[in-house]
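Results of the structural survey
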Amino acid sequence: MIEAARTGDDLTIEAGAGTGKTSTLKMLARDRANRRGAYLAYNKSIATDAAKEFPSSVTCKTAHSFAYGAVGRQYAHRLNGPRIPARQAAIILGLNEPVKLGETMLAPQQLARLVGETVQRFCYSDDREVQRMHVPLVNGLDRPGQAELAKYLIPIAQKAWDTDLTQLDGRLRFTHDMYLKMWILADPVIHADYVLLDEAQDSNPAVAGLVSRQPAQRILVGDRAQAIYGWRGATDAMASFDGRRFQLSQSFRFGPAVAAEANKWLSLLETPLRLTGYDRIPSRVGPVDEPDAILCRSNGGAVLRVMDAIDQGRRVALVGGGTDIRRMAEAAQRLQAKLPTDHPELFAFQSWAEVQEYVEHDASGSDLRCSCG
């Protein structure tokens, strides 16, 4: 792998759990200490840790950090500004009247929220203009209604981007992803001889596109089986990247028993990577009567586990808190009481019966079934 990196070819390194990914990257960097490198990390803490371990010839930053120095600092006053309520955002956007889409009536503040989400999805993308795919699906809208919504929202979202969000004196809510998008749209060149993109499987198309256009050698590292940020617009940059491919499969984190179980699931995911366990680490796979941690696929499943633990007299903590779950439950209660809700997942429904019918008969309602339990 180090010899391949010396050729200057682009590389894609599939690294399984505990296989020494960071150690490998450090060796690659030390082998090329006389050349400038750039290490793009997913979050600030990873970048900070990497800066302590990589040679000084490598600049370790997040994509946002690169963008902030070039563009974002000019908008610092907007980042620190007050939150803009949806009703006020609607006024800024000129959304003064409700819009009827099929049998669904959307209020101005609801439309403002959808414009904001459309712009956010645009920022995650590698597109240069707002497109139909950026308009979020609204639970309760049929396909013609969704198409009508996209046709209505796209020009409003594009205008919001062009005349407010990219302006120093704009009034709409400005986020870190917006100055990152502005920087990427300017087709910047990262001044380095090679660029390392860590956790490439969780990079959104905007960052993946930025790296793919760099004139430097590009080295993508990650594990496609551990992609967890699809909900934030992440896509598998490794799948479409044209680089020489390598694998790190010997794990030093667990023993053969865990590796064997992991390989069963990797085969179901149809990924070519298979792990080898470290035989010096004793490990076993089997049922646990009182587990210390439980992974849940859905909000509904998490709530059931929390309630079961409480019934057993056990103290339980919900990682990340329960605010989102509570808000969904409160919105469901309002609909059950025949009251409207402004929850972004449920505001298009007029009653709880409509939600139940949607989940039961519409394939796109499967995620809502998980959220509502």
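Look a little higher up for the structure.
This structure is a prediction, so every number in the text was calculated from the model and none was measured. (Residues numbered from 1 in each chain as written. Predicted model: local features only at pLDDT ≥ 70, side-chain atom pairs only at ≥ 80, totals over all residues. Heavy atoms only, no water.)

Secondary structure summary: the protein chain contains 16 helices and eight strands in total. When the backbone C-alpha atoms are referred to their principal axes, the protein chain occupies close to 65 × 55 × 35 Å. Every one of the 373 residues in the protein chain was classed for burial, and the buried ones make up 43%. Long-range pairs, those at least 24 residues apart, make up 61% of the contacts in the protein chain with a sequence separation of at least 6. Summed over its atoms, the accessible surface of the protein chain is roughly 21,200 Å², and 50% of this surface lies on carbon and sulfur atoms. Looking at the protein chain, you have 45 positive and 44 negative side-chain charges, and the mean spots of the two groups are 5 Å apart. (Helix = DSSP H or I, 4+ residues; strand = E, 2+ residues; numbered from the N terminus. Buried < 20%, exposed > 50% of the residue type's maximum accessible area, 1.4 Å probe, protein only. Contact = heavy atoms within 4.5 Å. Areas by Shrake-Rupley, 256 points an atom, 1.4 Å probe, with all protein chains shown as cover. Lys, Arg positive; Asp, Glu negative; His and termini not counted. Charge placed at Lys NZ, Arg CZ, Asp CG, Glu CD.)

Below, the discussion takes up the pattern of salt bridges. For the structure shown, the criterion picks out 14 salt bridges. The shortest N-O distance in the salt bridge between Arg-128 and Asp-187 comes to 3.5 Å. Here the residue Arg-128 occupies a position in the loop between helix H7 (108–124) and helix H8 (143–165), and Asp-187 occupies one in the loop between helix H9 (176–185) and strand S6 (194–197), the gap between them amounting to 59 residues. Arg-128 sits in the partly exposed class, given a relative accessible area of 47%. Judged by relative accessible area, Asp-187 falls into the partly exposed class, the value being 42%. Across the pair Asp-187 and Arg-213 runs a salt bridge, and its minimum N-O distance is 3.9 Å. You can see Asp-187 sitting in the loop between H9 and S6 and its partner Arg-213 sitting in the loop between helix H10 (205–212) and strand S7 (217–222), a full 26 residues away along the chain. Several salt bridges converge on common partners, so that one network encompasses Asp-126, Arg-128, Asp-187 and Arg-213. (Salt bridge = Lys/Arg side-chain N within 4 Å of Asp/Glu carboxyl O.)

So, about the packing of aromatic side chains. Going through the model one piece at a time under the given rule, you end up with six aromatic pairs. Measuring from ring centre to ring centre gives 4.9 Å for Tyr-75 and Phe-174, while their planes differ by 5°; the resulting arrangement is stacked. Residue Tyr-75 is found in the loop between helix H4 (63–70) and helix H5 (76–79), and its partner Phe-174 is found in the loop between H8 and H9; the two are separated by 99 residues along the sequence. A residue is classified by how much of its surface remains accessible, and Tyr-75, at 6% relative accessible area, is buried. We note Lys-61 situated over the ring of Phe-66; from NZ or CZ to the ring centre the distance is 5.2 Å. Directly above the aromatic system of Phe-122 lies the positively charged group of Lys-181, at a separation of 4.6 Å from the ring centroid. (Phe/Tyr/Trp six-rings, centres within 6.5 Å; stacked < 30°, edge-to-face > 60°. Lys NZ or Arg CZ within 6 Å of the ring centre and 35° of its normal.)

A word on the nonpolar core. Residues Leu-40, Leu-93, Leu-95, Val-115, Leu-149, Trp-161 and Trp-183 are the most contacted members of the largest nonpolar core, which totals 57 residues. Here this core gets eight residues from one element, more than from any other, and that element is H8. Not counting residues up to four positions away in its chain, the partners in contact with Trp-161 are Val-119, Phe-122, Cys-123, Thr-166, Met-178, Lys-181, Met-182 and Leu-185. Grouped together as the second largest cluster of nonpolar side chains are 20 residues, Leu-11, Ala-29, Ile-219 and Leu-248 included. (Core = buried A, V, L, I, M, F, W, Y, C linked by side-chain atoms within 4.5 Å.)

A separate point is H9. Within H9, eight of the ten residues are buried, which leaves the element mostly enclosed by the surrounding structure. Of the positions making up H9, those classed as buried are Asp-177, Met-178, Tyr-179, Leu-180, Lys-181, Met-182, Trp-183 and Ile-184. Among the structural elements, H4, H5, H7, H8 and H10 are those in contact with the buried residues of H9. One or two residues past the end of H9 sits Asp-187, with phi positive at roughly 50°.

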